[in-house]
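Here is what each chain is made of, one letter per residue.
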Amino acid sequence: MASVSEGLAAHLLAALGDGAVLTGPYDMAGYAVDWRGLYHGRPLAVVRPSTVAQVADVVRLCAGAGAPIVPQGGNTSMVGGATPSQAGSAVVLSLERLRTVRAVDPVEMTMTVEAGLTLLQAQEAAEAAGMLLPLSISSEGSAQIGGVLATNAGGNNTLRFGNARDLVLGLEVVLADGAVWDGLRHLHKDNTGYCLRQLFVGSEGTLGIITAAVLRLQPGVTARAAAFCALPSAEAALALLGRLRLRAAAALHAFEYMSGGSVALVLRHIEGTHLPVGAADHYVLIDLGTSAPADPLEATLEETLAEALEAGEIADAALSRSEAQRLAFWHLREEHAEAQKRAGASIKNDVSVPVSLVPVLLREAAALCAVAAPGLRVVPFGHLGDGNIHFNLVQPEGADPAAFLARADALMAIVNGVVKDLGGSFSAEHGVGRLKTGLMEEWRGGVELRLMRGIKAALDPSGLFNPGVIFPGR
Ligand SMILES: Cc1cc2nc3c(=O)[nH]c(=O)nc-3n(C[C@H](O)[C@H](O)[C@H](O)COP(=O)(O)OP(=O)(O)OC[C@H]3O[C@@H](n4cnc5c(N)ncnc54)[C@H](O)[C@@H]3O)c2cc1C
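Our subject in this report is the structure included herewith. (Residues numbered from 1 in each chain as written. Predicted model: local features only at pLDDT ≥ 70, side-chain atom pairs only at ≥ 80, totals over all residues. Heavy atoms only, no water.)

### Some thoughts on the sheet that holds strand β8 (residues 168–174)
Strand order in the open sheet formed by five strands is β5-β6-β10-β8-β9, and the pairing between neighbours is antiparallel. Strands with a single pairing partner mark the edges of an open sheet, and in this sheet they are β5 (101–105) and β9 (180–183). Within this sheet the neighbouring strands show an average axis-to-axis angle of 10 degrees, counted without direction. Relative to strand β6 (residues 110–114), β5 runs antiparallel, the two sharing four bridges. Looking at β6, one finds that alanine 103 is bridged to threonine 112. Each of β5, β8, β9 and β10 (209–216) is contacted by helix α3 (residues 52–65), which is oriented at about 50 degrees to β8, the strand it contacts most. (Pairing = 2+ DSSP bridges. Helix = DSSP H or I, 4+ residues; strand = E, 2+ residues; numbered from the N terminus. Axes fitted to C-alpha atoms, helices over the stretch in contact; angles between N-to-C directions. Contact = heavy atoms within 4.5 Å.)

### So, the site of the ligand
Looking at the ligand, there are 36 residues lining it, with Pro71, Gly73, Gly74, Thr76 and Ser139 nearest. A distance of 3.1 Å separates an oxygen atom of the ligand from a polar backbone atom of glycine 81. Here an oxygen atom of the ligand sits 2.9 Å away from a polar atom, N or O, in the side chain of threonine 151. Against a free-state accessible area of 960 Å², the protein chains account for coverage of 97% of the ligand. When contributions to the shell around the ligand are tallied by element, the ones reaching two or more residues are β3 (69–72), α5 (145–150) and β10. Counting residues per element, the shell around the ligand draws most heavily on α5, which supplies four residues. (Near = heavy atom within 4 Å. Polar contact = N/O pair within 3.5 Å; in protein donor to acceptor, adjacent residues only side chain to side chain. Areas by Shrake-Rupley, 256 points an atom, 1.4 Å probe, with all protein chains shown as cover.)

### Some remarks on the pairing of β6
Here β6 lies mainly inside the structure; five of its five residues are buried. The alternating pattern of β6 places Thr110, Thr112 and Glu114 and Met111 and Val113 on opposite faces, both of which are buried. As consecutive antiparallel partners, β5 and β6 are separated by four residues, and within that stretch methionine 109 has a phi angle of approximately 60 degrees, a positive value. Taken together, the five bridges between β6 and β10 define a ladder with antiparallel strand orientation. Pairing of valine 113 across the sheet is with alanine 213, part of β10. (Buried < 20%, exposed > 50% of the residue type's maximum accessible area, 1.4 Å probe, protein only.)

### Some remarks on the packing of helix α8 (residues 234–248) against helix α13 (residues 358–372)
Between two packed helices, what matters for the description is the angle formed by their axes and the separation of those axes. Remark: α8 packs on α13, axes separated minimally by 8 Å, with the N-to-C direction vectors making an angle of 165 degrees. The orientation of α8 with respect to α13, classified from their angle, is roughly antiparallel. The element α8 and its partner α13 pack so that their crossing is right-handed. Where α8 approaches α13, its residues Ala234, Glu235 and Leu238 are matched on the opposing element by Pro359, Leu362 and Arg363. Within the contact of α8 with α13, the residues separate by chemical class into four nonpolar, no polar and two charged. (Parallel < 35°, antiparallel > 145°, perpendicular 65-115°, else oblique. Left-handed = near helix turned anticlockwise from the far one by under 90°. Nonpolar A, V, L, I, M, F, W, Y, C, P; charged D, E, K, R; others polar.)

### Focus on unusual backbone geometry
Among all residues except glycine, the phi angle is most often negative; among peptide bonds, the trans geometry is most common. Residues other than glycine seldom take positive phi values, yet asparagine 152 does so here, at roughly 45 degrees. Since its relative accessible area comes to 16%, asparagine 152 is described here as buried. Positive phi values are uncommon outside glycine, yet isoleucine 470 reaches one of about 70 degrees. Among the secondary structure elements, isoleucine 470 is positioned in the segment after α17 (447–459). A relative accessible area of 9% means that isoleucine 470 is categorised as buried.

### Some thoughts on the side chain of arginine 333
Inspection of the secondary structure assignment puts arginine 333 in helix α11 (residues 323–334). Within polar-contact distance, the side chain of arginine 333 engages the side chain of glutamate 256 at 2.7 Å.

Remember that the coordinates give geometry; whether it matters functionally is a separate question.
See the structure below:
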């Protein structure tokens, strides 16, 4: 007699057809491990539906067999959110074949895209129509629209355009009973009861499967100006941010912070990177953009930086004189995660505090970590304009990676202690995933966690979607 898992796999194969259901360990390997290599799951099967109807079929079949579903997009989660457990009972539902651009609408200034389209492909489709999808993260070549929405991704442009949540006007979602909720509306105003779409944004695959979305666009960018600056302190970076906001708030698309230690790792581990300014303990990358051709962006940036130099806020600055140079600045910034991965085991603290308190976070957490683990490399970087710092810690040179990771909880607790004192959050933009469920009770316990559990129970009463993610003990 066939086992439950063999029976389910056969039904999935019948519903989806050849090539859409993977059950061999070799075929499933890439879907079973997270980007950081922290979680190694054992899926019962990996399914790759090509239509929304097929997604609904998968949900109905898995629900009937009592098999949990782990939705997976580009598998770039930093918190193990898209990796199944070791139990061997969960089906990984990859959205990678749902990648149609259904519409780009220049009147509504929206695009309707399927969940499996990568963020980069969506950006390119918007650009081809003369518009801007104002969401940018270093993993955009792999991260998919469904994953980006399920994690409410932030990234480089949040200070100007908001998080993923702020760009969503409509959603299409397959629910736990297999029903398809068609909420693909283009309405800029729509106060009709609860805002259901926002429940699914940031739900990390625990409430339903996002299959498509209507995203809000901006006018296309016609001119850009960027600068890479060396600074004497994190306080100086804040002063520079304030100065830029007074002069060019509407054009300020990104203001990215990088510590000296983190930039040093990029220069060491990523080929073809060069520091365009003198070495320093603190750097920022400024990116201005405009859709008004007459905007004197370069002059504004140059004048602001001259003032900042005079005020002692910057020690050195390089202005991009070409698009290639601007992209080279961004390359230095975007390779931080990869460089840290190559430098050994690392502990990632994706935290946020009020913007004005970032210098306190950087100073206090660094001092405490240095005492707790002599030799460890404190390499923070991130989205300073949002108060979101990736306060990452890389193992001491030559140390045993496993021994270092064994101390991860203790070192994360030190950083989080400072974050809590400053009124911040232990999860700014990456989510809770599997990695941080143990912190939920302490940080969001009581009424808040009870409300979240109530929403989960209402939308997914049998706990079908992504068990073990967000909630402790599931
Ligand atoms: C180098 C690098 C840089 C990064 N930079 C940033 C950054 O600047 N800002 C930022 O916010 N994040 C960043 N991240 C984290 C990550 O890229 C984001 O969380 C991204 O949004 C995840 O998208 P994904 O498609 O890879 O999702 P996955 O990793 O596949 O999944 C993430 C979560 O979403 C769920 N999910 C995926 N697809 C769906 C769907 N269709 N329906 C329902 N649930 C779904 C999964 O179950 C999981 O819980 C970075 C990651 C890397 C590796």
